[in-house]
Amino acid sequence: MSELEQKKLDTSSIVEVGSQDNFPSYEDADATAGAPTERISPLGYHVDWISVVFLNISKMIGTGVFTTPGSILTGVGSVGLSLIFWVIGYAFAGASLAVYLEYASYFPHRSGAEVAYLEKAYPRPRFLMPTAFAVQSVLLSFSSSNAIVLARYLLVAAHGETSTWNVRGLAVGVFTIIVIICVVSTKWSLRLSNAIGIVKLITLLFIAVTGFVVLGGHTRVEDPHANFRNSFAGTTSDGNGLATALVKVNFAYAGFENAFNVLNEVKNPVKTMKRFAPISLTVVFILYMFANVAYFAAIPKEEIRTSKELTASLFFTAVFGNTKSVTALSALVAISSFGNLLAVVIGSSRIIRECGRQGVLPYPQFWASTKPFNTPLGPYLLKWVLTVIVIIAPPAGDAFNFIVDLQSYPANVFSFLMTFGLFLVRKHRANIGAPPSEFRAWNAVLIFSLAVNVYLLVLPWIPPDGGIYAGDVSFFYATYCIVGLGILGVSAGAYAIWMLILPRLGGYEIRQLLEKLSDGAQATRLVKVPNDELAEWGATHDEHGNVVNRGQKTTNVESERAEQT
């Protein structure tokens, strides 16, 4: 038998042995370590194309489009370049979306997005990437800043006092309500997210249409075309300002990937994502552009740059000239923030669940279980506890800003690794003879996306104007980057102790055991197998931890060889 024929036989046995419940899939052949593939989602299939669109839209449209245009204009210096930056941000997001779409075409039955994709891209050393990502996801899985923004706008809309503890108390209360909604029913939490998403679209459409009315000269604005004459006048050459503005634009599009976190709850996931994920991103881009045109038509450039108010508040005041309109805007921004937080909680609960199913968190059944409401109760509880702690515990100011910033840098590291890892997945699939996927990104798009990832990793180290103590904290501006990398280092150290040193000293090895729960959920549990029992374990378990008969693996391989010959 030739070497090529032998390689084909080995590949066939890998795919067959790695399947679960007679489910032949290259999803399992790509990597044997990690969470098992759930052929039928235990969380149901409540995510239709409408929910895909609005999960993405609701996470993208929070408060950014109402607040960031002023800071972006300050960074770039001119109206013309500011609008161009919003186009560049759309290109950035589109390139990253292509990465997610290709991963989804390879692993359509895995939710959690980055969790699953990093697991598949970096299967060696076994459990290293799941461990590192789980530590980052669990320790930093709080949504305190979102909740506090929501509480502040609710108090402004109600003409309440925005004292520190008023804001914090309301933030805890509102976040608790959101978590309860998500725990009780996935279907109704998605419906609420969809409804609020529609309100967001109507709000931005209203701003866009009003902007066209302003440009037509039918409002109290005296010269609506002033900012568009010599629109590139004042363009800055300050690299730090330009870089910061680009990061803010990129952040405004964050959320285009949210629906990938619930991929296994979508019927026909690849087809649905290919069609509707780009639509959601494009709709947001168009509304962002129209909203910015409206702002620049109604508000003098210098007022946008120097005012600390919401850019949208300046717009409503300039066009309607009364405080009631600003109060109404605060209410709409609060609703937008509520929808944003709801979408974030739904998506991040699936990320935590996948981390638990990988076996690197204690009690994997707790994280994987969907009882009693057919929702991921364990992840929701963890999300609630961590968020409440971060809302209440840190003092206002430096400590709070630092903790919020701390989330960003490890996330950028994993984003880079995921993009680069797509090349590794392609290579591995070619080696095992996997067929072409339903979607494949252009190499140029991947290189562009990698360049963006590198940019986002380098930028935070550039000192801000005013020196190394001029960031949003009073101490060294890049402390959060150092601590973020430190967390990743601690993760690697914990992995080395847990997976390498202790097993060597204790005379055992770590193996994974597949656990199937009564609700249909599946999880991996990592167990210690003494060295003198490894042969027995190998004879009674396949690579995924399925318990098999002694001769079953041999029979499977022999049958595959018979078919090949």
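Heads up: the structure comes first, above all this text.
Every value quoted in this text rests on a predicted model; they were computed, and no experiment measured them. All residue numbers here refer to positions counted from 1 along the written sequence of the relevant chain. Where local features are concerned, this predicted model is filtered to residues with pLDDT of at least 70; where side-chain atom pairs are given and counted, the filter is 80 or more; whole-chain, interface and lining totals use all residues. Only hydrogens and water are set aside when side-chain values are computed; all heavy atoms of the structure are taken into account.

### Some thoughts on the overall build of the protein chain
Here is step 1: Every helix listed is a DSSP run of H or I at least four residues long, and every strand listed is a run of E at least two residues long, numbered separately from the N terminus. Per the secondary structure count, the protein chain includes 23 helices and two strands.
Here is step 2: Within the protein chain, the proportion of its 565 residues that are buried is 54%.
Here is step 3: Between two residues, a contact is recorded if the distance between any of their heavy atoms is within 4.5 Å. The contacts in the protein chain between residues at least 6 apart in sequence include a share of 78% that link residues at least 24 apart.
Here is step 4: We get accessible surface area from the Shrake-Rupley algorithm with a probe of 1.4 Å; when it comes to residues, only the shown protein chains can shield them. Entry remark: accessible area of the protein chain is about 23,800 Å², with carbon and sulfur atoms responsible for 64%. Between buried and exposed lies partly exposed: a residue is buried under 20% and exposed over 50% of the maximum accessible area for its type, with that area taken using a 1.4 Å probe on protein chains only.

### Focus on unusual backbone geometry
Here is step 1: Cis geometry is adopted by the peptide bond preceding Pro125, which originates at Arg124 and carries an omega value of -10°.
Here is step 2: The linkage connecting Lys371 with the following residue, Pro372, adopts the cis geometry, with an omega of 0°.
Here is step 3: With respect to the element layout, Pro372 can be found in the loop between helix 16 (364-368) and helix 17 (377-392).
Here is step 4: With a phi close to 55°, Tyr363 is a non-glycine residue in the positive phi region.
Here is step 5: As for its placement among the helices and strands, Tyr363 is situated in the loop between helix 15 (323-357) and helix 16.
Here is step 6: Given a relative accessible area of 67%, Tyr363 falls into the exposed group.
Here is step 7: The phi angle at Asn374 is positive, at roughly 60°, despite the residue not being glycine.
Here is step 8: Looking at the element boundaries, Asn374 is found in the loop between helix 16 and helix 17.

### Looking at the pairing of strand 1 (residues 508-516)
In regular strands, side chains alternate between the two faces of the sheet.
Here is step 1: As paired strands, strand 1 and strand 2 (residues 522-530) are joined by nine bridges and run antiparallel to one another. Looking at the pairing, Gln512 lines up with Leu526 of strand 2.
Here is step 2: Hairpin connection, strand 1 to strand 2: the antiparallel pair is bridged by five residues, and Gly520 has positive phi, about 95°. We treat two strands as partners when DSSP finds at least two bridges between them.

### Here we look at the packing of aromatic side chains
Here is step 1: Only Phe, Tyr and Trp rings are paired, with Trp represented by its six-membered ring, and only when their centres lie within 6.5 Å; those with planes under 30 degrees apart are stacked, over 60 edge-to-face, the remainder tilted. Tallying each qualifying case throughout the model produces 21 aromatic pairs.
Here is step 2: Arranged with centres 4.9 Å apart and planes meeting at 70°, the rings of Phe133 and Phe414 form a pair that is edge-to-face. With Phe133 in helix 7 (residues 128-139) and Phe414 in helix 19 (residues 408-431), this residue pair connects regions lying 281 residues apart in the sequence.
Here is step 3: Overall, Phe133 belongs to the buried group, its relative accessible area being 5%.
Here is step 4: Phe414 gets classed as buried once you look at its relative accessible area, which sits at 2%.
Here is step 5: With a centroid separation of 5.3 Å and an interplanar angle of 55°, the aromatic rings of Tyr253 and Tyr288 are classed as tilted. In this pair, Tyr253 is assigned in the loop between helix 11 (239-252) and helix 12 (269-298) and Tyr288 in helix 12, connecting sequence segments 35 residues apart.
Here is step 6: Residue classification places Tyr288 among the buried residues on the basis of a relative accessible area of 0%.

### Some details on the environment of Val213
Here is step 1: Take Val213: it is sitting in helix 10 (residues 186-215).
Here is step 2: Among the residues examined, Val213 registers a relative accessible area of 33% and is labelled partly exposed.
Here is step 3: Once the C-alpha coordinates of Val213 and Ala294 are considered, the two residues, 81 residues apart in sequence, prove to be 9.0 Å apart.
Here is step 4: Dropping the residues within four chain positions of it, Val213 is found in contact with His218 and Thr219.

### A word on helix 20 (residues 443-458)
Side chains three or four residues apart in an α-helix point the same way, a direct result of the helix having 3.6 residues per turn.
Here is step 1: A helix is expected to span 1.5 Å for every residue after the first. Here helix 20 is 16 residues long and its end C-alpha atoms lie 23 Å apart, about the 22 Å a rise of 1.5 Å per residue gives.
Here is step 2: Those residues of helix 20 that fall on the buried side of the exposure criterion are Leu446, Ser449, Leu450, Val452, Asn453, Leu456 and Leu457. Taken end-on, helix 20 shows its buried residues confined to a sector of 160°, consistent with a single buried face. Along helix 20, exposed side chains directed more than 90 degrees from the buried face belong to Ala444 and Ile447. As used here, the arc is the angular range of directions from the helix axis to the C-beta atoms.

### Observations concerning the side chain of Thr210
Here is step 1: One can find Thr210 in helix 10.
Here is step 2: Whenever a nitrogen or oxygen atom comes within 3.5 Å of another N or O atom, the pair is scored as a polar contact, on the condition that within protein one atom can donate a hydrogen and the other can accept it, and that pairs from neighbouring residues in sequence are kept only if both atoms are in side chains. Polar contacts involving the side chain of Thr210 include one to the main-chain carbonyl oxygen of Phe206, which spans 2.6 Å.
Here is step 3: If we skip the residues at most four places from it in the chain, Thr210 touches Phe315, Val319 and Phe320.

### With respect to the nonpolar core
Here is step 1: Among the nonpolar cores identified, the biggest contains 145 residues, and Tyr117 and Phe260 are the most heavily contacted of them.
Here is step 2: Those residues in contact with Phe260 that sit more than four places away from it in its chain are Leu97, Tyr100, Leu101, Ala104, Arg110, Ser111, Gly112, Ala113, Tyr117, Met273 and Ala277. We define a nonpolar core as any set of buried Ala, Val, Leu, Ile, Met, Phe, Trp, Tyr and Cys residues linked to one another through side-chain atoms lying within 4.5 Å.

### Concerning the pattern of salt bridges
Here is step 1: Salt bridges are defined as contacts in which a side-chain nitrogen from Lys or Arg sits within 4 Å of a carboxyl oxygen from Asp or Glu. This model, assessed by the stated rule, comprises 14 salt bridges.
Here is step 2: For Arg305, the salt bridge is made with Glu302, and the minimal N-O distance between the two is 3.5 Å. With a gap of three residues between them, Arg305 and Glu302 both fall in helix 13 (residues 301-306), about one helical turn apart.
Here is step 3: Accessibility expressed as a relative area gives 46% for Glu302, which makes it partly exposed.

### Examining the packing of helix 3 (residues 49-60) against helix 12
The packing of two helices is summarised by the inter-axis angle and the distance between the axes.
Here is step 1: For the pair helix 3 and helix 12, the least separation of the axes is 9 Å and the interaxial angle reads 40°. Viewed along their axes, helix 3 and helix 12 form a crossing whose handedness is right-handed. In this structure, helix 3 uses Trp49, Val52, Val53, Asn56, Ile57 and Met60 to contact helix 12, whose residues at the interface are Thr272, Met273, Phe276, Ala277, Ser280, Leu281, Val283, Val284 and Tyr288.
Here is step 2: In this classification, Asp, Glu, Lys and Arg are treated as charged, Ala, Val, Leu, Ile, Met, Phe, Trp, Tyr, Cys and Pro as nonpolar, and every other residue, Gly included, as polar. In terms of residue class, the contact of helix 3 with helix 12 is made up of 12 nonpolar, three polar and no charged. Fitted lines through C-alpha atoms serve as axes, helices being fitted only where they are in contact, and the angles separating the N-to-C directions of these axes extend from 0 to 180 degrees. By definition, turning the near helix anticlockwise from the far helix through less than a right angle yields a left-handed crossing, and turning it clockwise yields a right-handed one.

### Let's talk about helix 10
Here is step 1: An ideal rise of 1.5 Å per residue puts 44 Å on 30 residues; helix 10 measures up with 43 Å between its terminal C-alpha atoms.
Here is step 2: If you check the start of helix 10, you find a side-chain oxygen 3.4 Å away from the backbone N of Lys187, and it comes from Ser185.
Here is step 3: One or two positions beyond helix 10, positive phi appears at Gly217, with a value near 80°.

### A word on the environment of Val344
Here is step 1: By the element assignment, Val344 lies in helix 15.
Here is step 2: Relative accessible area serves as the criterion here: at 13%, Val344 is assigned to the buried category.
Here is step 3: Once the C-alpha coordinates of Val344 and Ser143 are considered, the two residues, 201 residues apart in sequence, prove to be 8.1 Å apart.

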